Every structure is written in C-alpha cells, then in structure tokens.
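Take a look at the letters that make up each chain.
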Amino acid sequence: MSIVLVTMPAGVGPLLLVFSLGGIYVALEETLEDSLCAELAPSAQHGMAFGSLATVNGLGDLVSSVVVGVLWSAFGTATAFAFSAVLCIIGAALLLFQRAG
C-alpha cells in the first residue's frame, strides 16, 4: 500500500481504491491474527493472550506513527512511505522464510 500511495496519480478515485483495499486488508489481517491467538493460547489464558496481543499492537502502532511522522516532517511523504514499504517487505520476507523453514 505504501508504494501505491507514493506512485499513484493524484485524485479522489485512486485514494478511494487504495483506502478501500487497505480497509479490506486490515479486516482480514486482524481477524486472522485474533483467530491464531485464540488457537495458540489455552482457553484459560485467552484474556491474557488477547490483552498481550493488544498491548504489543498498540505499542507498535505508537512507535510506527512516531517514526513515520518524524520522517514525513524531516524528509517528506515519499521517504516516510518508502520506509514503511521497506519494513512491509522485510516483514513479509521474514514470514515467508519462517514458514518455509
């Protein structure tokens, strides 16, 4: 998504498309994440597992927002979104290699 935001033509239509796809992605990702958490944790520990998951997600959101905000302010939108895209690619590669191994 980050790469698309940097390279897409300006206009309301492309923004609607990108944000619609982003919303669908978030809905799928969060559903799968919660399902995996419930599957991995014993039922007696679901409260702690979901609380820990929410805490880690919240801290990650805070740190990423601060870092991208600083990059945006200091170097512009392209740098901020490029940084985000690089992290997404690294994360996807890590998941792929872990799954394959």
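This text gives an overview of the structure that appears in the document. What you are looking at is a predicted structure, and each value in this text was computed from that prediction instead of being measured. Throughout, residues of each chain are indexed from 1 in the direction in which the sequence is written. Where totals are concerned, whole chains, interfaces and linings use all residues; where local detail is concerned, this predicted model gives features only for residues with pLDDT of at least 70, and gives and counts side-chain atom pairs only at 80 or more. Hydrogens and water molecules were not included; the side-chain quantities draw on all heavy atoms of the structure.

Some thoughts on the overall build of the protein
Which entries qualify depends on this criterion: A run of H or I in DSSP counts as a helix once it spans at least four residues, and a run of E counts as a strand once it spans at least two, with each numbered from the N terminus. All radius of gyration figures rest on C-alpha atoms, and the globule criterion is 2.2 Å times the number of residues raised to 0.38. Type-normalised accessible area, obtained with a 1.4 Å probe on protein chains alone, sets the label of each residue: buried when under 20%, exposed when over 50%, and partly exposed for intermediate values. Every residue pair with non-hydrogen atoms within 4.5 Å of one another is taken to be in contact.
When its secondary structure is counted, the protein shows 4 helices and 0 strands. Along its sequence from the N terminus, the protein presents helices and strands in the succession α-α-α-α. On C-alpha atoms alone, the protein measures out to a radius of gyration of 17 Å, which is more than a quarter above the 13 Å that the 2.2 N^0.38 rule sets for 101 residues. For the protein, the spread of C-alpha atoms along the principal axes amounts to about 50 × 30 × 30 Å. The 101 residues of the protein split such that 11% are buried. A separation of at least 24 residues holds for 26% of the contacts in the protein among residues at least 6 apart in sequence.

Remarks on a nonpolar patch on the surface
Applied cut-off: Only residues above 30% relative accessible area that lack a salt bridge enter a patch, with like-charged residues linked at up to 9 Å and the nonpolar side chains Val, Leu, Ile, Met, Phe, Trp and Tyr linked at up to 5 Å. Where accessible areas are quoted, they stem from the Shrake-Rupley method and a 1.4 Å probe; at the residue level, only the protein chains shown are allowed to cover. The term salt bridge refers to a side-chain nitrogen of Lys or Arg lying within 4 Å of a carboxyl oxygen of Asp or Glu.
A cluster of nonpolar side chains, namely Val63, Val67, Phe83, Val86, Leu87, Ile90 and Leu94, defines an oily patch on the protein surface of about 600 Å² accessible area. Listed by contribution, the elements that provide at least two residues to the nonpolar patch are helix 3 (46-75) and helix 4 (77-100). At 5 residues, the largest contribution of residues to the nonpolar patch is made by helix 4. Here valine 67 is to be found in helix 3.

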